[in-house]
Amino acid sequence: MSKALLIHIQFNDDRYHGTGDWPPAPARLFQALVAASSGVAMTVVRQNALRWLESLSGAPVIAAPTIRPGQSLTTYVPNNDLDSVGGDVKRIGEIRVGKAIKPLLFDASRELLYGWSFEPSAESEAHAKEICRAADGLYQLGRGIDMAWATAELIDSALLEERLIQFGGVIHRPNQNGDSATLDCPQQGSFDSLQTRYQAGQSRFKNIDTAQKSQQVFSQAPKPIFRAVSYASASTRFLFDLRETTPKDSPFAPQPLTEAAALTRLLRGNDGSDGNPASGAYKRLGDSLGPAKHNLIQRILIGRNASEADKSQRIRILPLASIGHEHADMRIRRVLIEVPSNCPLRADDIEWAFSGLLVSQVHNSESGKIAQVQLLPSLERSMLEHYGVGKEHSAKFWQTLTPVVLPEAAARRRIDPKRRVIEAKAGTEYLSEVHQAAAALKQALRHVEVGAKIIAVRMQREPLNARGARAQDFAAGTRFAKERLWHAEIEFAESISGPLMIGDGRYAGLGLCAPKPGQVKGIFSFSIVSGISEAANPATLSSALRRAVMSLVQEQLGRNEALSAFFSGHATNGAPAGIGHHEHLSFIADLPRRRLLIVAPHVLEHRVANKKERDALVKLEAAIAQLTVLRAAENGCLNLQPGVISEDDPLFIASMFWRSVTPMAVTRHAKKTTVQDALIINALDELTRRGLPRPGKIEVVKADKGPRGGLTGELRIEFSTAVSGPILLGRTLHLGGGLFSANTVESVHNPNGLKLIT
């Protein structure tokens, strides 16, 4: 059984002043251990133990108490620019600058745990015991005023997991996906770099004597060596169904979407402050945890007396409508409870408080009996995919299902129903209201820490779904005026994950968003704003785009990690990926529409992406987020911005009729046939490999035979049923060759008498 080195940190005060990280990074703890060992001549045994700790391959798991941001304090200290006042120390007051200090508040009675796991051996256990002795000398962690002490123990890894389960705070584990916050961790060489930094710090100031004067020179000590490790502390989510509890089965008991706020209020419960008895999840938690926790439950669950600092800890109740299909009725059948990682209440206590809650009583038409509608744990979580939960289901386009509640300043002017004609709004006033609402929506997104760049916003009162409801229909029974409610559609520059709930009503069941239906995953578009040459060649532009993308991805991965065939189109031995096995990206210069496209292989083959491709797409999207300029030699220096693929895009729309945009180069020249027959036969083979149906007709519009026997041609294709794009065929499809566009004509003409296949 593997062993674990567990270090307990206890702070002397209930605040932490360290900047840039919470919990304190393992690198901070390592520095503190080195400092605790440096008061006297450090023994060789201690040095070897610290080098052993930095060499452990796995980063530690961290358990930390929940935090709240404290008030900010600005102090004025000299900056490091004494030269600007001639080196005169007496004038130091002239170069003071403001320095903001904003501590993090927590319960000082709670410990901070760091647990390293390792394979046991006599040597490693001896090193671990020496680290335990080093921990006894620790006296601070963070800034100089963050006094702390530590104890350490050597335990089994199984016991470490038990301790983490019982901890009741936030557990931060190393995350391999690399999409979370990063913390610095020790690595091989960290100890030596700290020793070098300490020694250099002893001689930072040197006196240089010249004939005229003596001058003091400052030299910066080298920075220590650490590695950045991604840590995950995601919110805990519990999914429940609204079901009738009958003797035989438990059918869904759907609720109207417009009752989202009322359902949220019912489940959350009443705290008794209005004179009515306590109810719902509040009553359950209050009865279980006792009076000492009532104020905390009020802040975290109800929101009463909650401050800005409490918002990161509050529980969210998300009534989920049935979506994901054009015939879905958008009635509420499920409820998602989201518990932030920073919530001071235990997640399992919150799950218990909501499980089995009584919602209403209904008459069952089949049994003729009165059935209870309860909140029951859901066994099926696939519905969360329709709300963008999970990195693989992230999206760029989002739209509200329940309207977002904006501040009073963004409210529409109310019109008296009896004076609609007299008080009617002019177009300029309505446009001004929309602009104010859009600005307030962007601010609301910042409040929920959505950092993605916003490309476009559309605001309206009407629903964005055929089965939705107008914004004002959700205001009844809430504390929000109907004029503050807006439906919104948002386009981001990069995909974001859900669930996404925004606005002042996000704790009251309003402001729930879902990815816009019909988005094609794996297609990235860039509009060409300027800089393209009039004689630009699509093939060379596609090659330039491919090289730029490969460079950006390589930069993100690091020089030590090789590009996979997904990005490069080449196997590990450098050979081109096999023809017919489209495992890599296609790069397209769609000059008629002044844009560049990147198409994933699963989109090209009209199939679902596998796990490997989904992971690669995450890396691709992160890399191309910074692609704003493409230098393509004689084709120009292109200025780019993220583009939009509309529902009626001719390259992706469903159509029976398709025509070549760029020539198709045959992959194999059929022998003993005419040029036209060879093109048709190859096109049929390519369509079969793409997983597309056999066409009813293929017309060769143009055929060219190169000097070395290479054959290219332009085609018209007619299918028996509508087929969705993209359609790319032939040997050069990964550089935009063989691209087809939907044809608006209703029949395929044959004016040149060229051969058709039926």
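Note that the coordinates shown come from a computational prediction; the quantities given were computed from them, not determined experimentally. Numbering of residues starts from 1 in each chain and follows the order in which that chain's sequence is written. In keeping with the model being predicted, local features are shown solely for residues with a pLDDT of at least 70 and side-chain atom pairs are shown and tallied solely at 80 or more, while totals for entire chains, interfaces and linings include all residues. Computation of side-chain values: all heavy atoms of the structure, hydrogens and water removed.

Asker: Would you mind going over the environment of Phe-11 in detail, with residue names and values included?
Answerer: In DSSP terms, a helix is any run of H or I states spanning at least four residues, a strand is any run of E spanning at least two, and both are numbered starting from the N terminus. Position of Phe-11 relative to the elements: it lies in strand S1 (residues 3-11). Phe-11 sits 130 residues away from Leu-141 along the chain, and the two C-alpha atoms are 8.2 Å apart. Ignoring sequence-local partners within four residues, the contact set of Phe-11 consists of Tyr-16, Pro-24, Phe-106, Ala-108, Leu-112, Leu-141, Asp-146, Met-147, Ala-148 and Trp-149. Two residues form a contact once any of their heavy atoms are found within 4.5 Å.

Asker: Report on the sheet that holds strand S27 (residues 586-590), specifying residues and quantitative values.
Answerer: Read across the open sheet, the 5 strands follow the order S27-S28-S26-S30-S29; overall the sheet is antiparallel. Edge positions in the sheet fall to S27 and strand S29 (629-631), since each of these pairs with one other strand and no more. On average, adjacent strands in this sheet sit at an angle of 30 degrees to one another, irrespective of strand direction. Here, strands pair whenever DSSP counts at least two bridges between them. Relative to strand S30 (residues 636-642), strand S26 (residues 523-532) is paired through 5 bridges, and the arrangement is antiparallel. When the sheet's bridge partners are listed, Ser-530 is paired in S30 with Asn-639. Sitting on the sheet, helix H14 (residues 611-624) is in contact with S26 and strand S28 (595-599), with an inclination near 20 degrees to S26. Every axis in this analysis is a line fitted to C-alpha atoms, fitted for helices over the stretch in contact. Angles between the N-to-C directions lie between 0 and 180 degrees.

Asker: Summarise the environment of Asp-648; cite the residues concerned and give the values.
Answerer: By the secondary structure assignment, Asp-648 is in the loop between S30 and strand S31 (654-660). Each residue is assigned to one of three classes by its accessible area relative to the maximum for its type, calculated with a 1.4 Å probe on protein chains only: buried under 20%, partly exposed between the two thresholds, exposed over 50%. A relative accessible area of 55% places Asp-648 in the exposed class. A sequence separation of 94 residues divides Asp-648 from Ala-742, and the C-alpha atoms of the two residues are 9.8 Å apart.

Asker: Residue-level account of unusual backbone geometry, with values.
Answerer: Put simply, Gly-498 and Pro-499 share a cis peptide bond, and its omega is 0 degrees. Inspection of the secondary structure assignment puts Pro-499 in the loop between strand S23 (485-496) and strand S24 (500-501). Even without glycine at this site, Glu-449 takes up a positive phi of about 60 degrees. For Glu-449, the position within the fold is in the loop between helix H10 (427-447) and strand S22 (454-460).

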